[in-house]
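# Geometric and topological summary
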Amino acid sequence: GVWLWPRPGELDSGRAGEGDTLQRIRAAGIVRVGFANEAPYAYVDTKTGRLTGEAPELARLVFRQLGVPEIQGVLTEFGSLIPALKAGRFDVIAAGMYITPQRCREILFSNPTYSIGEAFMVPAGNPLDLHSYEDVRDTPGATLGVVTGAIQLQYARAIGIPDDRIVIFPGAPAAVDGVAAGRASAYAATALTVNDLLSKTSAPLERAMPFEDLVIDGEVMKGYGAFGFRKQDAAFREAFNAVLSTTIGTPVHAELVEPFGFTRDMLPGQVTAAELCKGEAP
């Protein structure tokens, strides 16, 4: 069913104390998660109407162990996920969101559930021979498509691509159409996003191969995705992390995320949210 928020008597639940969110969702038997409809991280399967993807499926597994049998998705534009979480429209962001120091100032993150590098979607044949962010910067007239609120805009600026050669699209489907129509020379996203989008389009597009990992200030830019929580929900986040730590890297986890293109080489290893929030992780 549709939930109106706040429900009667629920207005102060977020402020009363840290344990309350987990108690409330346990009592309700349902947790509401924000997602942005970006496959393979979190999306609604059009055939079944089921909320699925790496983050929702992992959330179901973890929340069942926390005594919460059901998750309900709240569709939200990617750039609005953090404000909507803080405003109480849902209790967890389950969208494969990267942990960044900037976002850590706004919300808490679980420890990462995967690690992944970047990729470009380009017209078939890669006519401008774009194999890195630097190639876009150094190719006169080349433009880079990015999605509103995504980390790739920061990457493009950090590497020195001027704003007048960055094309901002409202979502991934618009970016695919934009490259197909020649409005952008390439679309920058994670390797998984690019693979997934290419599997769904008949447009003459391809993944730029090979692709050079992006390095900024001597650091390889790999994204670490995680779940997001409100700042006052530290106890809730810790309970979630405890279950997560016994789940990530297990055969059950591997089987769960494999259909979405996640492989063993995408495991986050020992990297923690605390390190990523400080900008200290590899």
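See above for the structure.
Below, the structure is looked at part by part. Values in this document were obtained by computation on a predicted structure and should not be read as measured data.

This part covers unusual backbone geometry. In this chain, Ala-39 is followed by Pro-40 through a cis amide linkage whose omega measures 5°. Tracing the backbone shows Pro-40 in the loop between strand S1 (30-35) and strand S2 (43-44). Here the amide bond leading from Met-209 into Pro-210 is cis, since omega sits at -10°, within 30 degrees of zero. Structurally, Pro-210 can be placed in the loop between strand S12 (205-207) and strand S13 (215-216). Of note in the backbone geometry, Asn-126 takes a positive phi value of approximately 45° without being a glycine. Even without being glycine, Asp-129 reaches a positive phi, approximately 60°. On the secondary structure map, Asp-129 appears in the loop between strand S8 (118-123) and helix H6 (133-138).

Turning our eyes to something else, we now look at the nonpolar core. Core analysis: the biggest nonpolar cluster contains 33 residues, and Phe-120, Tyr-133, Leu-144, Tyr-155, Ile-161 and Phe-262 have the highest contact counts within it. Within the residue set of this core, elements represented by two or more residues are strand S7 (114-116), S8, H6, strand S9 (144-147), helix H7 (152-159) and strand S11 (186-190). Those residues in contact with Phe-262, other than ones at most four positions away along the chain, are Pro-40, Tyr-41, Glu-54, Tyr-114, Leu-192 and Val-257. In this structure, Leu-22, Leu-58, Leu-61 and Val-92 belong to the second largest nonpolar core, which totals 25 residues.

What follows covers the pattern of salt bridges. Throughout the structure, instances matching the rule amount to 10 salt bridges. Between Asp-138 and Arg-137 there is a salt bridge, and its shortest N-O distance comes to 2.9 Å. Close ionic contact of Lys-200 with Asp-196 constitutes a salt bridge, the shortest N to O distance being 2.6 Å. In this pair, Lys-200 and Asp-196 both sit in helix H9 (residues 191-200), 4 residues apart, roughly one turn of the helix.

Taken residue by residue, helix H8 (residues 172-180) has Ala-172, Ala-175, Val-176, Gly-178 and Val-179 as its buried positions. For H8, the arc enclosing every buried residue in end-on projection is 160°, short of the 170-degree limit, so these residues lie on one face. Looking one or two places after H8, you find Gly-182, whose phi comes out positive at around 85°.

Conventions adopted
- Every chain is numbered independently, its residues counted from 1 as its sequence is written.
- For this predicted model, a pLDDT threshold of at least 70 governs which residues receive local features, and a threshold of 80 or more governs which side-chain atom pairs are given and counted, while totals over whole chains, interfaces and linings are taken from all residues.
- Here the side-chain values reflect all heavy atoms present in the structure, with hydrogen atoms and water set aside.
- For the purposes of this entry, the term helix denotes a DSSP run of H or I that reaches at least four residues, the term strand denotes a run of E that reaches at least two, and both are numbered from the N terminus.
- Here, the term nonpolar core denotes a set of buried Ala, Val, Leu, Ile, Met, Phe, Trp, Tyr and Cys residues that are joined through side-chain atoms within 4.5 Å.
- Only protein chains enter the accessibility calculation, which uses a 1.4 Å probe; a residue is then buried when its area is under 20% of its type maximum, exposed when over 50%, and partly exposed in between.
- The contact criterion used is simple: two residues touch if any of their non-hydrogen atoms lie within 4.5 Å.
- Here, a salt bridge means any Lys or Arg side-chain nitrogen found within 4 Å of an Asp or Glu carboxyl oxygen.
- Relevant arc is that of directions from the helix axis to the C-beta atoms, nothing else.

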